[in-house]
Amino acid sequence: MDYELSHLKTLEAESIHIIREVAAEFERPVLLFSGGKDSVVMLHLAIKAFAPAKPPFPVMHVDTGHNFDEVIAFRDATVERYGLRLVVASVQDSIDAGRVVEETGPRASRNRLQTVTLLDAIEDNEFDAVFGGARRDEEKARAKERVYSFRDEFGQWDPKNQRPELWSLYNGRHRKGEHIRVFPLSNWTELDIWQYIAEEEIELPSIYYAHRREVFRRDGMLLAITPFITLGEGEEPIEITVRFRTVGDATCTGAVESTASTVTQVIEETAATRITERGATRADDRISEAGMEDRKREGYF
C-alpha cells in the first residue's frame, strides 16, 4: 500500500473514532463550520462517520460579519447540500446588545470579539461539546491542546489542567455549565489536509486557489481590498495573482502570491514551505508571542 495513502487512512480512522465518541458521550455537540479548509475536512469526516444518516448535531459559524463573499456562499451551499442545521452566532448581534465594543481606526478588526459571541452561543444553546478544526502544527498554543480540551464554567482554558489521553482514551467528564472543545484534526498537518482533499476530491471555496485579486501590503502581509478595511497612509492597492492558505475575518487574513490553481499545485507549494499558514497570513497571531494562548485562556478557539 502507498505510504501516504496508508498514513491518511490512519488519520481518517482516528478522526472518525473521535467524532463518533463525542456523539455517543455528549448530549448536545456542535461542529464549528466556517467554510475554511479545515472545517470542510472536519465536516467531510463527520459525514463519513455517520453515513448514510446525517451527522447527529448541527454546525455553527461564529460570524464576524467581515467575511469573504466566496466563503459565505460556499458555507450556505454546503449546509443546503447535506441538509444540515446551521447556527449562526453573530458578532454584530453581540455589538448591538452591548456585549462587546467594536474597535475603531484603520486597523480595527472584529476578530477578537468572536470569543464573547462564541461563549454566549455555547451557553444559549447548551452545547456541551464543540468540535473545532484546529491542528497542533498551526501554532505553539494549539500544540499544547489535547484532543478533548476541557473548558470551565467561564469557557476558559487552563493549559496546566489538561487531562491525560493515554492509548487514545478520552475523558469527557464535565459538570453543568462546563464544556469540552474537541479537535479531531489535532494530529493532521497542513500537508495532510491538502493530500486528503486531493484523495477525497473535496470541494473548497475558490479563494484557496490562485486568482487575480486587488490587495495591499501591510506589515509584510497581503490583505484583500474589502469594504471592511480602511487603507492607511502610503498603502496602495495592487492587483496580483494570489491565493489564501487560511480563511478567517477579512480584516486580518492575508493572501500569498501564488500561481497554484489546482490541488496538485497547492500540495507541491505546501510541501516546500517552512512557515505555517497562520504564521504567514494571520495578523491576529502577531499581537504578541503569547497572543493565541492569551485568547485561548479567555475562551477563543
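For the structure, see preceding data.
Here's a quick rundown of the structure. (Residues numbered from 1 in each chain as written. Predicted model: local features only at pLDDT ≥ 70, side-chain atom pairs only at ≥ 80, totals over all residues. Heavy atoms only, no water.)

### So, the sheet that holds strand β7 (residues 211–218)
Item 1. Judged by pairing direction, the barrel is antiparallel, and its four strands sit side by side in the order β7-β8-β10-β9 before closing back on the first. Across the sheet, the mean angle separating the axes of adjacent strands is 70° when strand polarity is ignored.
Item 2. As judged from the five bridges shared by β7 and strand β9 (residues 238–243), these two strands associate in the antiparallel manner. Across the sheet, residue R212 finds its bridge partner in β9, namely T241. (Pairing = 2+ DSSP bridges. Helix = DSSP H or I, 4+ residues; strand = E, 2+ residues; numbered from the N terminus. Axes fitted to C-alpha atoms, helices over the stretch in contact; angles between N-to-C directions.)

### Things to note about the pairing of strand β1 (residues 29–32)
Item 1. The two faces of β1 match: P29 and L31 on one face and V30 and L32 on the other face are all buried.
Item 2. Of the pairings in the sheet, the one linking β1 to strand β4 (residues 129–131) comprises three bridges and is parallel in character. Considered in β4, the bridge of L31 is made with F131.
Item 3. The parallel pair β1 and strand β2 (residues 59–63), bridged by helix α2 (residues 37–50), forms a crossover whose chirality is right-handed. (Buried < 20%, exposed > 50% of the residue type's maximum accessible area, 1.4 Å probe, protein only. Right-handed = clockwise from strand over helix to strand, strands pointing away.)

### A short note on the sheet that holds β1
Item 1. Strand order in the open sheet formed by six strands is β3-β2-β1-β4-β6-β5, with mixed pairing between adjacent strands. Of all the strands in the sheet, the pair left with one neighbour each is β3 (86–90) and β5 (148–151). Recorded for the sheet is a direction-independent mean angle of 30° between the axes of neighbouring strands.
Item 2. Across two bridges, β1 lies against β2 in parallel orientation. By the bridge assignment for β2, L32 is matched with M60.
Item 3. Packing against the sheet, α2 makes contact with β1, β2 and β4, and its axis sits at approximately 140° to β1. (Contact = heavy atoms within 4.5 Å.)

### A short note on the packing of aromatic side chains
Two aromatic rings, taken as a pair, are described by how far apart their centres are and by the angle between their planes.
Item 1. In the structure shown here, the tally under the stated rule is eight aromatic pairs.
Item 2. Summarising the aromatic geometry, the rings of Y148 and Y170 are spaced 5.1 Å apart at their centres and angled 20° between planes, so their arrangement reads as stacked. Here the residue Y148 occupies a position in strand β5, and Y170 occupies one in the loop between β5 and β6 (179–182), the gap between them amounting to 22 residues.
Item 3. The buried category is assigned to Y148, whose relative accessible area is 2%.
Item 4. The exposure class assigned to Y170 is buried, which follows from its relative accessible area of 13%.
Item 5. Judged by centre distance (5.1 Å) and plane angle (85°), the rings of W188 and Y196 are edge-to-face.
Item 6. Exposure remark for W188: the relative accessible area of 1% places this residue in the buried category.
Item 7. Judged by relative accessible area, which is 1%, Y196 ranks as buried.
Item 8. Three or more aromatic residues link up through ring pairs in this structure, and these residues are F26, Y148 and Y170. (Phe/Tyr/Trp six-rings, centres within 6.5 Å; stacked < 30°, edge-to-face > 60°.)

### Details of the packing of α2 against helix α6 (residues 190–200)
Item 1. Two elements in contact, α2 and α6, have axes whose closest approach is 11 Å; the angle formed by their N-to-C orientations is 55°. In this view, α2 runs oblique relative to α6, as classed from their interaxial angle. Considering how the two elements wind past one another, α2 and α6 form a crossing that is left-handed. When α2 is examined against α6, the residues K37, D38, V41, H44, L45 and K48 are found in contact with a partner set consisting of E190, I193, W194, Y196, I197 and E200.
Item 2. Partitioning the contact of α2 with α6 into residue classes produces six nonpolar, one polar and five charged. (Parallel < 35°, antiparallel > 145°, perpendicular 65-115°, else oblique. Left-handed = near helix turned anticlockwise from the far one by under 90°. Nonpolar A, V, L, I, M, F, W, Y, C, P; charged D, E, K, R; others polar.)

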